[in-house]
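Observations on chain architecture
Residues per chain, in single letters:
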Amino acid sequence: MARIFIDGEAGTTGLGIRQRIEALPASYGLEILSIDPALRKDTAARRSMLEQADVAILCLPDDAARETVALAEGLDVRILDASTAHRIADGWVYGFPEMAAEQAAAIKAARFVANPGCYPTGAIALMRPLVRAGLLPADHPVSINAVSGYSGAGRVAIEEHEKNGGPAFFLYGLNLKHKHLPEIRHYSGLTRQPLFVPSVGHFPQGMIVSIPLHLKDLPGQPSAAELEAVLQDAYAGCEHVRVLPAETQLVADTLANTDDMELRVHHNGEQVVLTARLDNLGKGASGAAIQNLLLMLGL
Ligand SMILES: NC(=O)C1=CN([C@@H]2O[C@H](COP(=O)(O)OP(=O)(O)OC[C@H]3O[C@@H](n4cnc5c(N)ncnc54)[C@H](OP(=O)(O)O)[C@@H]3O)[C@@H](O)[C@H]2O)C=CC1
Ligand SMILES: CC(=O)N[C@@H](CCC(=O)OP(=O)(O)O)C(=O)O
């Protein structure tokens, strides 16, 4: 039996995690400890939940997540943080089990696990194996384009889109300082800051991250097939990450309500566009959190 406290249970990510835990077999023995909604921001009530829980999953704004971690000081509770607060922090393990051969074991043993960002899940999955194989130099001038469903912006934005309608499509993060850049750079192994241009479409869930590259600018001028072979090798046997053949068109919400991610290498012989397709709330958030929770509990 493991007791799970979801701090921020009523939010978008918290609700997705709760629903996924409730759908797990009863034989897993997971019990959700729910806080009185009226006390969800009360420090003493949250500390009491942390005292009772084996694992706390934080689905909170960054500052509130930092506050919960401070409240847990001196307790045995393990923490899985879905916010951006601790993703490259010392003492935290990045919760992307497919990222490296040793990552799942590190997550299993960790007290503090940081769930990855939605866009970084796609970007790191595409670039990290290529950097490690020496096919993408760490200082390459990388550009990342991405589109997300509007649910990525949280409960308030979802209500706005669903009640009042929202723009069909917009670019944002145009100060070029999006909060996901540090983790993208860190875990991809890049030394040069990539250009990252995210966008939102008027659909609830789904995401495509795309990275264009000129093959003649890469060391040894590899073929698209060589890049694809590296990705195939990196994710062979992974349940939730698949490398699939190129398409001529890619729809952003095809994987909505799944916890999977698809990677592709599109090319014309001289140029490639690497793509990752996922659900921003699935493998990009709550689905990844469940993967991490089960690893942490040895299930
Ligand atoms: N949505 C996404 O695609 C993803 C989101 N995340 C991360 O998960 C976290 C939550 O995001 P999301 O679910 O979208 O956000 P939401 O706005 O949908 O939910 C946030 C929840 O946290 C509650 N909350 C806010 N402040 C406090 C506090 N001080 N103490 C206790 N509860 C509090 C909110 O309650 P109330 O509304 O009453 O204020 C709400 O229930 C963020 O850090 C986000 O970066 C991670 C991956 C993807
Ligand atoms: C569409 C949208 O607004 N997306 C959010 C990212 C989603 C999110 O909250 O990401 P993490 O918590 O995983 O970092 C943003 O760009 O800030």
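On a predicted model such as this, the values are computed, not experimentally measured, just so you know.

Side note on the domain arrangement of the protein chain
Under the domain assignment, the protein chain is made up of domain 1 (2–116 + 286–296) and domain 2 (118–280). The straight-line distance from the C-alpha centre of domain 1 to that of domain 2 is 25 Å. Buried surface at the junction of domain 1 and domain 2, summed over both partners, amounts to about 1,500 Å²; 58% is from carbon and sulfur atoms. Among the residues domain 1 hides against domain 2, the three largest losses belong to I88, F96 and E98. Together they make up 33% of the total. Where domain 1 packs against domain 2, one counts two salt bridges. Note that R20 and D259 form a salt bridge whose closest N and O atoms lie 2.8 Å from each other. At the surface where domain 1 touches domain 2, the tally comes to seven residue pairs in polar contact (both at pLDDT 80 or more). Of all the secondary-structure elements, those providing two or more residues to the side of domain 1 that touches domain 2 are helix 1 (12–22) and helix 9 (282–296). Residues of the side of domain 1 that touches domain 2, tallied by class, amount to six nonpolar, four polar and three charged.

Overview of the UniProt feature "domain: Semialdehyde dehydrogenase NAD-binding" (unreviewed entry) in the protein chain
Listed under "domain: Semialdehyde dehydrogenase NAD-binding" (unreviewed entry) in the UniProt record, and renumbered for this structure, are residues 3–107. Taken end to end, residues 3–107 comprises 34% helix and 18% strand; its first and last C-alpha atoms sit 18 Å apart.

Section: the packing of helix 5 (residues 118–132) against helix 8 (residues 224–234)
Running from amino to carboxyl end, helix 5 crosses helix 8 at an angle of 105°, the nearest separation of the two axes being 9 Å. Considered as vectors, helix 5 and helix 8 are oriented roughly perpendicular to each other. Counting all contacts with helix 5, which are made through A125, L126, P129 and L130, the residues of helix 8 involved are L227, V230, L231 and A234. Counted by class, the contact of helix 5 with helix 8 contains eight nonpolar, no polar and no charged residues.

As for the site of ligand 1
For ligand 1, the set of nearby residues contains 24 residues, the closest of which are T12, R40, K41, L60 and R155. Residue K41 places a side-chain N or O atom 2.7 Å away from an oxygen atom belonging to ligand 1. Note that an oxygen atom of ligand 1 is positioned 2.5 Å from one of the backbone N or O atoms of L60. Protein contact buries 84% of the 880 Å² of open area that ligand 1 shows by itself. More than half of the atoms of ligand 1 fall within 2 Å of the grid points belonging to the largest pocket. Of all the secondary-structure elements, those providing two or more residues to the shell around ligand 1 are helix 1, helix 3 (62–71) and helix 9. When its residues are assigned to classes, the shell around ligand 1 shows eight nonpolar, ten polar and six charged. Counting contributing residues, the shell around ligand 1 receives three or more from each of domain 1 (2–116 + 286–296) and domain 2 (118–280).

Re a nonpolar patch on the surface
Taken together, the side chains of F169, L171, L174, L176 and L195 make up a nonpolar region of the molecular surface, amounting to roughly 480 Å² of accessible area. Along the chain, L195 falls in strand 9 (residues 195–201). Overall, L195 belongs to the partly exposed group, its relative accessible area being 44%.

The rules behind these values
Residues numbered from 1 in each chain as written. Chains lettered and ligands numbered in written order. Predicted model: local features only at pLDDT ≥ 70, side-chain atom pairs only at ≥ 80, totals over all residues. Heavy atoms only, no water. Domains from an automatic or database assignment. Buried area = accessible area lost by both parts, 1.4 Å probe. Salt bridge = Lys/Arg side-chain N within 4 Å of Asp/Glu carboxyl O. Polar contact = N/O pair within 3.5 Å; in protein donor to acceptor, adjacent residues only side chain to side chain. Helix = DSSP H or I, 4+ residues; strand = E, 2+ residues; numbered from the N terminus. Nonpolar A, V, L, I, M, F, W, Y, C, P; charged D, E, K, R; others polar. UniProt positions renumbered as here; feature names shortened; annotations may be inferred. Axes fitted to C-alpha atoms, helices over the stretch in contact; angles between N-to-C directions. Parallel < 35°, antiparallel > 145°, perpendicular 65-115°, else oblique. Contact = heavy atoms within 4.5 Å. Near = heavy atom within 4 Å. Areas by Shrake-Rupley, 256 points an atom, 1.4 Å probe, with all protein chains shown as cover. 1 Å grid on protein atoms, 1.4 Å probe; cavity = no way out; pocket = protein on both sides within 12 Å on 5 of 7 lines; lining within 4 Å. Sits in = over half its atoms within 2 Å of the grid points. Patch = residues over 30% accessible without salt bridge, like charges linked within 9 Å, V, L, I, M, F, W, Y side chains within 5 Å. Buried < 20%, exposed > 50% of the residue type's maximum accessible area, 1.4 Å probe, protein only.

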